[in-house]
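An overview of the molecular structure
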Amino acid sequence: MIPRAEGIVVEVGFGSGLNLPYYDPARVERLVGVDPDGTMLGLAGPRSRSLPFHVECLRASGESLPLADAFADTVVVTYAFCTIPDPDAALTEIRRILKPTGRLIFIEHGQAEGPRCRRWQVRLNGLWGRLAGGCHLTRNPLDLIRGAGFRLIEEERARFPLPFWQLGSHHAGVASPQTI
């Protein structure tokens, strides 16, 4: 999914820049990585220096993006909606900064499809969150994205391998802001 990002790209939940090798330099004009953790952004700096496009790191939360309205052609979010304290607010901000023709590219984990795994996710959720940096096992990223006024253009679902069953369902896709 990441190589499909194009134009001015904002990555919410940028962290240490682990997605940087997957961006297509022929498609990306500029990349703005946003993360609330300054230490993680510091790790991203050296990774971004060798890229043929400009990378800027901003220390900010997904719920309050310090960017202009209709700024981005693409917003990328990977495994962040589970830890963002208010994913609805973050999606509202993502919609605000996306151009009307923009795209949200996402890769997330969330609520399992099977009832047995879902019950275990509910049981583990509190402890898991404390151990895994605030990660919520029971969020449904597709419902969050649709509820924020996005239309799913593409969607892929899969199960995680057995050692990671607690992460539930794997979701990847592309969404566009719906016109109001």
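Residues numbered from 1 in each chain as written. Predicted model: local features only at pLDDT ≥ 70, side-chain atom pairs only at ≥ 80, totals over all residues. Heavy atoms only, no water.

**Re the state of the cysteines**
Under the criterion given, the structure shown has zero disulfides. Free of any disulfide, Cys135 has its nearest cysteine sulfur in Cys82, 3.6 Å distant. (Disulfide = S-S within 2.5 Å.)

**Considerations on the pairing of strand E7 (residues 169–177)**
Counting buried positions along E7 yields nine of nine residues, so the element is predominantly enclosed. Of the two faces of E7, the one lined by Ser169, His171, Gly173, Ala175 and Pro177 and the one lined by His170, Ala172, Val174 and Ser176 are each fully buried. Taken together, the seven bridges between strand E5 (residues 98–110) and E7 define a ladder with antiparallel strand orientation. Note that in E7 the partner of Ile107 across the bridge is Ala172. When strand E6 (residues 150–159) meets E7, the two strands line up antiparallel, connected through nine bridges. Residue pairing in the sheet places Arg157 in a bridge with His171 of E7. (Buried < 20%, exposed > 50% of the residue type's maximum accessible area, 1.4 Å probe, protein only. Helix = DSSP H or I, 4+ residues; strand = E, 2+ residues; numbered from the N terminus. Pairing = 2+ DSSP bridges.)

**What to know about the environment of Pro87**
Position of Pro87 relative to the elements: it lies in helix H2 (residues 87–97). For Pro87 and Gly133, which are 46 residues apart along the polypeptide, the C-alpha to C-alpha distance reads 15 Å. Excluding residues within four positions of it along the chain, Pro87 makes contact with Phe81, Arg139 and Leu144. (Contact = heavy atoms within 4.5 Å.)

**So, the pattern of salt bridges**
A side chain of one charge can pair with a side chain of the opposite charge if their charged atoms are brought near each other. Per the counting criterion, the structure on display carries nine salt bridges. The salt bridge involving Asp69 is made with Arg96; its shortest N-O contact spans 2.7 Å. Residue Asp69 is found in the loop between strand E3 (54–59) and strand E4 (72–78), and its partner Arg96 is found in helix H2; the two are separated by 27 residues along the sequence. Among the charged side chains, a salt-bridge network with shared partners connects Asp69, Glu93 and Arg96. (Salt bridge = Lys/Arg side-chain N within 4 Å of Asp/Glu carboxyl O.)

**Quick look at the nonpolar core**
Counting 30 residues, the largest nonpolar core has Val10, Val75, Leu91, Ile94, Leu104, Ile145 and Phe150 as its most contacted members. For this core, the secondary structure elements donating two or more residues are strand E1 (7–12), strand E2 (28–35), E4, H2, E5, helix H4 (141–147) and E6. In terms of residues, this core owes the most to one element, H2, which gives four residues. Ranked by size, the runner-up nonpolar core spans 18 residues in total, among them Phe14, Leu20, Tyr23 and Ile107. (Core = buried A, V, L, I, M, F, W, Y, C linked by side-chain atoms within 4.5 Å.)

**Thoughts on the side chain of Arg139**
Summarising the element assignment, Arg139 is placed in the loop between helix H3 (115–131) and H4. For the buried Arg139, no salt bridge is present, and the opposite-charge side chain at shortest range is Asp86, 7.3 Å distant. Within the structure, the side chain of Arg139 is placed 2.8 Å from the backbone oxygen of Ile84, a separation counted as a polar contact. Leaving out residues up to four positions away in the same chain, Arg139 has contacts with Phe81, Cys82, Thr83, Ile84, Pro85, Pro87, His109, Gly110, Gln111 and Leu144. (Lys, Arg positive; Asp, Glu negative; His and termini not counted. Polar contact = N/O pair within 3.5 Å; in protein donor to acceptor, adjacent residues only side chain to side chain.)

**Considerations on unusual backbone geometry**
Even without being glycine, Ala70 reaches a positive phi, approximately 55°. By the element assignment, Ala70 lies in the loop between E3 and E4. Positive phi, normally seen in glycine, also occurs at Tyr79, with a value near 50°. For Tyr79, the position within the fold is in the loop between E4 and H2.

**Some points on H3**
Relative to the 24 Å expected for 17 residues at 1.5 Å per residue, H3 spans 24 Å between its end C-alpha atoms, a close match to the ideal helical length. Its maximal kink placed at Asn125, H3 deviates by approximately 55°. Restricting attention to buried positions, one finds in H3 the residues Cys117, Gln121, Asn125 and Gly129. Contacts from the buried residues of H3 go to E5. (Expected span 1.5 Å × (residues − 1). Bend = angle between axes of the 7 residues up to and from the residue.)

**A look at the packing of aromatic side chains**
Applying the stated criterion across every chain yields a total of zero aromatic pairs. A cation over an aromatic ring shows up here: Arg123 above the ring of Trp120, its NZ or CZ 4.8 Å from the ring centre. (Phe/Tyr/Trp six-rings, centres within 6.5 Å; stacked < 30°, edge-to-face > 60°. Lys NZ or Arg CZ within 6 Å of the ring centre and 35° of its normal.)

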